[in-house]
Amino acid sequence: MPPTLTWKQLLWTGIVLTVVGLVARLYLVPLAFALWGDAGLNNPALHWTQAVLGHVAFQIGLALIAFLLVIRALERSGLPDGAPTNGAVDKGAVSSAAPAPAPRTLVRVFWIGVVLVVLGLILQESLVQWEFDLLGAVDVAGGIARDILWLVGAPLEAVAMPLGVLLTTGAVAARTLESAFIRPRVS
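Small disclaimer: the values here were computed from a predicted structure and weren't measured.

Draft legend 1. Broad picture of the overall build of the protein chain. Scanning the protein chain from N- to C-terminus turns up five helices and zero strands. For the protein chain, the α and β elements follow one another from N to C terminus as α-α-α-α-α. A burial count over the protein chain gives 29% of its 187 residues as buried. Looking at the protein chain alone, contacts between residues at least 24 apart form 79% of all its contacts between residues at least 6 apart. Total accessible area computed for the protein chain in this model is approximately 12000 Å², and 71% of it derives from carbon and sulfur atoms.

The following block contains the structure:
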């Protein structure tokens, strides 16, 4: 069955779902509190909206991005001669030049995932302390640093770990599938 979306459409769908989920996860409750006070926080519609958008849409968007990156890495590296194919995600996306071996490409994706997991762990452990350290800063530079930390650090903390885990597991799964099904076994 050919895919119904191109890789660019899948990527943008993943980005939009991730951003919508991230905004709902980080900013929906503070926005509801700012607009309606305590009465807004007790609204079941707010709870379910945040649950659906903040968790489901966020995770589906990250999964689309991560697995699309793994698929594109495999697609760009090419398949061994005689390997069964079911069509590229985007016709003409596979170059006719000598492809790099798939394991090397998957290793890069794996290590990018590991770096994102480590970054996520560092941010989870340090972000609150950094915000606390900047809380007492009265000068303009401290205020700007606090705003940057809130606007960039919190979303990066929310995205880095899950995306890294998905990239890592996607690369391992793709490598396992490639070695099990695509590469011929020598008896």
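Draft legend 2. Geometry of the nonpolar core. In this structure, Phe-58, Val-70, Val-109, Val-159, Leu-163 and Leu-167 are the most contacted members of the largest nonpolar core, which totals 17 residues. Per element, the largest residue contribution to this core is seven residues, and it comes from helix H5 (residues 140–182). Aside from chain neighbours lying at most four places away, what touches Leu-163 is Leu-62, Ile-65, Ala-66 and Leu-116.

Draft legend 3. Looking closely at the packing of aromatic side chains. Counted by the stated rule, this structure contains one aromatic pair. Between Phe-110 and Trp-111 the ring centres are 5.3 Å apart and the planes differ by 85 degrees, which places this aromatic pair in the edge-to-face class. Judged by relative accessible area, which is 24%, Phe-110 ranks as partly exposed.

Draft legend 4. Examining helix H1 (residues 7–36) more closely. Along its 30 residues, H1 runs 41 Å from first to last C-alpha, staying within 8% of the 44 Å computed at 1.5 Å per residue. Here H1 has its buried residues at Trp-7, Gly-14, Thr-18, Gly-21, Leu-22, Ala-24 and Ala-32. Once H1 ends, the next one or two residues include Gly-37, with phi positive near 70 degrees.

Draft legend 5. Geometry of a nonpolar patch on the surface. Side chains of Ile-144, Ile-148, Trp-150, Leu-151 and Val-152 sit close together on the surface and give an oily, nonpolar patch of about 500 Å² of accessible area. Residue position: Ile-148 is located in helix H5.

Draft legend 6. Representation of the environment of Thr-13. Mapping Thr-13 onto the fold places it in helix H1. As a C-alpha pair, Thr-13 and Leu-64 span 51 residues in sequence and 7.8 Å in three-dimensional space.

Draft legend 7. Layout of the environment of Met-161. With respect to the helices and strands, the residue Met-161 is situated in helix H5. Counting along the chain gives 47 residues from Met-161 to Val-114, while the straight-line C-alpha distance between them is 9.0 Å. Residues contacting Met-161, with those up to four places away along its chain left out, are Leu-116, Val-117, Gly-120, Leu-121 and Gln-124.

Draft legend 8. Region of the structure containing the confidence of the model for the protein chain. The predicted model of the protein chain averages 75 in pLDDT, with 75% of residues at 70 or higher. Below a pLDDT of 50 lies the segment residues 86–100, which in the model reaches 19 contacts outside its immediate sequence neighbourhood of four places, other chains included.

Quick notes on the rules
- Residues take numbers from 1 onward in each chain, read along the sequence in its written order.
- Selection of residues for local features in this predicted model requires a pLDDT of at least 70, selection of side-chain atom pairs for listing and counting requires 80 or more, and totals for whole chains, interfaces and linings are taken over all residues.
- Computation of side-chain values covers all heavy atoms of the structure but excludes hydrogens and water.
- Every helix listed is a DSSP run of H or I at least four residues long, and every strand listed is a run of E at least two residues long, numbered separately from the N terminus.
- Note on exposure labels: buried denotes an accessible area under 20% of the residue type's maximum, exposed denotes more than 50%, and partly exposed covers the range between, all computed with a 1.4 Å probe on protein chains only.
- The contact rule is simple, with two residues in contact once any of their heavy atoms fall within 4.5 Å.
- Reported accessibility uses the Shrake-Rupley method at a 1.4 Å probe radius. Residues are deemed covered only where the shown protein chains occlude them.
- Think of a nonpolar core as a cluster: buried Ala, Val, Leu, Ile, Met, Phe, Trp, Tyr and Cys residues, connected wherever their side-chain atoms sit within 4.5 Å.
- Each aromatic pair joins two rings of Phe, Tyr and Trp (for Trp, the six-membered one) with centres within 6.5 Å, and gets the label stacked for planes under 30 degrees apart, edge-to-face for over 60, and tilted for any other angle.
- An expected span of 1.5 Å times one less than the residue number is assigned to each helix.
- Patch building starts from residues that exceed 30% relative accessible area and form no salt bridge, then joins like charges within 9 Å and nonpolar side chains (Val, Leu, Ile, Met, Phe, Trp, Tyr) within 5 Å.
- Any carboxyl oxygen of Asp or Glu within 4 Å of a side-chain nitrogen of Lys or Arg constitutes a salt bridge here.
- On a range of 0 to 100, pLDDT expresses the predictor's confidence in each residue.

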